[in-house]
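Chain by chain, the residues:
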Amino acid sequence: MNQDENKDSDHIKHALKNAFEHIEDLYVGSRKINYRVMTGVNALDRITNGFHNGDLIAVCGGPGVGKSAFALSLACGAATRYKDRASVMMFSTQATASQLAFRSIIAGARGMYSNIPRGYIRNADWPQISSSAGYLSDLRLALNDIAATMEEIMIYGRERKRDHKDNCLLILDSLDSITVENSTAYSESLVRLKHLARELNLPIVITSSVKARKRFRRFANPDPLYVLLEKYSDVLMQITRQDVSNDTRFVDRDGLGISVEENNDQKRPRVKKLTVQKWNMDVSVLKNKNGPNGNFHLDFLPQLSRFIGV
């Protein structure tokens, strides 16, 4: 090996050194975040083995299926897992930061999301609301609702990484509001986000309302935006709603949830049945550069603004 190869920082020996250190970390069982970020969604982490640094992860699905709630769950899950070691940043073009914080508080407090906005707040709700807000305030999670263009997202992302070198995840919800279904702008934004992920050396998650290709239809024309998303993303997930069911819960006279066994107790004469709508969601990993594809099921409670099992 000559001296020119020794001075070349792009020589394969440098990549081999990093790869070998990665293998050593996996063998020791270290929970470092130098290579991947675990989301806290166990079923997803088992398939993808976490979100790897430098990857562009796309979450697609029809309007109103819960992509924003899922992205917020990923942000809170990663911020919770790496609470003392790393931070997470989420760009939102769909909702304000206050609205996202409001949803997070209600989800953590297990309160009725449909009742609280109308002012139906019981005295028994306040301890749970305060506890949820206090827990979220300790997370290293930044919500940005100011960035509205790709240039602003690139600037804020670089500034965040410069000021917080331990930033481990960026989330953009959603890409459609920036590109306005323009194929050229959509393609350019995907390329720039993929380059940004490699530049900052962290995974970037985006959401989009494009539709996947329909199987078993020979002459069906695929969505051109989905073709671009499938082409440039490293991990591609699709969220679909299978059916809607009702989840019956029991609450006591103070409005607090109790189990069925407690419901049979004669000391609680004033027990009410609470019916909560439950969406049976299917999350399919259609493309995974780092491993196999797969799918898993989650239950989404729109009245509680949360996923069960996340």
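Shown above is the structure to which this text applies.
Residues numbered from 1 in each chain as written. Predicted model: local features only at pLDDT ≥ 70, side-chain atom pairs only at ≥ 80, totals over all residues. Heavy atoms only, no water.

Draft legend 1. Just the overall build of the protein, in detail. A tally of regular secondary structure across the protein gives 11 helices and 12 strands. Looking at the protein residue by residue over its 310 residues, the buried ones come to 44%. Summarising the internal contacts of the protein: among those between residues at least 6 apart in sequence, 69% fall at separations of at least 24. Accessible surface computed for the protein: about 17000 Å², of which carbon and sulfur atoms make up 49%. (Helix = DSSP H or I, 4+ residues; strand = E, 2+ residues; numbered from the N terminus. Buried < 20%, exposed > 50% of the residue type's maximum accessible area, 1.4 Å probe, protein only. Contact = heavy atoms within 4.5 Å. Areas by Shrake-Rupley, 256 points an atom, 1.4 Å probe, with all protein chains shown as cover.)

Draft legend 2. Inspection of the pattern of salt bridges at higher detail. Under the counting rule described, the total for this entry stands at seven salt bridges. Between glutamate 151 and arginine 192 there is a salt bridge, and its shortest N-O distance comes to 3.1 Å. With a gap of 41 residues between them, glutamate 151 in helix H7 (residues 150–163) and arginine 192 in helix H9 (residues 183–200) connect regions that are remote in the sequence. Judged by its relative accessible area of 43%, glutamate 151 falls in the partly exposed class. Linked by salt bridges that have partners in common, Asp55, Lys194, Asp234 and Lys289 make up one network. (Salt bridge = Lys/Arg side-chain N within 4 Å of Asp/Glu carboxyl O.)

Draft legend 3. Molecular detail of the side chain of aspartate 176. Looking at the element boundaries, aspartate 176 is found in helix H8 (residues 176–179). Lysine 67 is the oppositely charged side chain nearest to the buried, salt-bridge-free aspartate 176, at an N-O distance of 6.3 Å. For aspartate 176, the side chain forms a polar contact with the side chain of serine 208, separated by 2.8 Å. For aspartate 176, the side chain forms a polar contact with the main-chain nitrogen of serine 209, separated by 2.6 Å. (Lys, Arg positive; Asp, Glu negative; His and termini not counted. Polar contact = N/O pair within 3.5 Å; in protein donor to acceptor, adjacent residues only side chain to side chain.)

Draft legend 4. Highlighting the packing of H7 against H9. The N-to-C vectors of H7 and H9 enclose an angle of 5 degrees; their axes lie 11 Å apart at closest approach. Judged by the inter-axis angle, H7 sits roughly parallel to H9. Contacts from Met150, Glu151, Met154, Gly157, Arg158 and Lys161 in H7 reach Ser189, Arg192, Leu193, Leu196, Glu199 and Leu200 in H9. Classifying every residue of the contact of H7 with H9 gives five nonpolar, two polar and five charged. (Axes fitted to C-alpha atoms, helices over the stretch in contact; angles between N-to-C directions. Parallel < 35°, antiparallel > 145°, perpendicular 65-115°, else oblique. Nonpolar A, V, L, I, M, F, W, Y, C, P; charged D, E, K, R; others polar.)

Draft legend 5. Layout of the nonpolar core. Grouped together as the largest cluster of nonpolar side chains are 41 residues, with contacts concentrated most on Leu44, Phe70 and Met237. When contributions to this core are tallied by element, the ones reaching two or more residues are helix H3 (42–48), strand S3 (56–60), helix H4 (67–81), strand S4 (87–92), strand S6 (167–173), strand S8 (235–251), strand S10 (272–288) and strand S11 (294–301). Ranked by residues supplied to this core, first place goes to H4 with nine residues. Ignoring anything within four residues of it in the chain, the contact list for methionine 237 reads Leu44, Phe51, Ile57, Ala58, Val59, Cys60, Phe70, Val283, Ser284 and Val285. (Core = buried A, V, L, I, M, F, W, Y, C linked by side-chain atoms within 4.5 Å.)

Draft legend 6. The packing of aromatic side chains, seen in detail. Scanning all chains against the criterion turns up three aromatic pairs. The interplanar angle of 75 degrees and the centroid separation of 5.7 Å between the aromatic rings of phenylalanine 70 and phenylalanine 307 together place this pair among those described as edge-to-face. Pair noted here: phenylalanine 70 is in helix H4 and phenylalanine 307 is in strand S12 (residues 306–308), with a separation of 237 residues, a long-range link. A relative accessible area of 0% places phenylalanine 70 in the buried class. According to the relative accessible area criterion, phenylalanine 307 is buried, its value standing at 3%. Pairwise contacts between aromatic rings join Phe70, Trp279, Phe300 and Phe307 into one cluster. Seen from the ring of tryptophan 279, arginine 241 lies directly overhead, with NZ or CZ sitting 4.3 Å from the centre. (Phe/Tyr/Trp six-rings, centres within 6.5 Å; stacked < 30°, edge-to-face > 60°. Lys NZ or Arg CZ within 6 Å of the ring centre and 35° of its normal.)

Draft legend 7. Quick look at helix H10 (residues 224–232). Among all positions of H10, only Leu225, Tyr226, Leu228, Leu229 and Tyr232 are buried. One side of H10 carries all its buried residues, which in axial view fall inside an arc of 160 degrees. Sitting at the head of H10, aspartate 223 places a side-chain oxygen 3.1 Å from the backbone nitrogen of leucine 225. (Arc of directions from axis to C-beta.)

Draft legend 8. Up close: the environment of proline 222. Inspection of the secondary structure assignment puts proline 222 in the loop between strand S7 (204–208) and H10. According to the relative accessible area criterion, proline 222 is partly exposed, its value standing at 37%. Between the alpha carbons of proline 222 and lysine 211 there is a distance of 8.2 Å; along the sequence they are 11 residues apart.

Draft legend 9. Up close: the environment of arginine 241. Within the fold, arginine 241 resides in strand S8. In sequence terms arginine 241 and valine 65 are 176 residues apart; their C-alpha atoms lie 6.4 Å from each other. The residues contacting arginine 241, other than those within four sequence positions of it, are Trp279, Asn280 and Met281.

Draft legend 10. Representation of the packing of H9 against H10 within the structure. Viewed as axis vectors pointing N to C, H9 and H10 meet at an angle of 15 degrees, and their least axial separation amounts to 10 Å. In terms of orientation, H9 lies roughly parallel with respect to H10. Handedness of the H9/H10 crossing: right-handed. Where H9 abuts H10, its residues Ser183, Tyr186, Ser187, Leu190, Val191 and Lys194 lie against Leu225, Leu228, Leu229 and Tyr232. Of the residues in the contact of H9 with H10, the class split is seven nonpolar, two polar and one charged. (Left-handed = near helix turned anticlockwise from the far one by under 90°.)

Treat this as a map of the structure, not an account of what it does.
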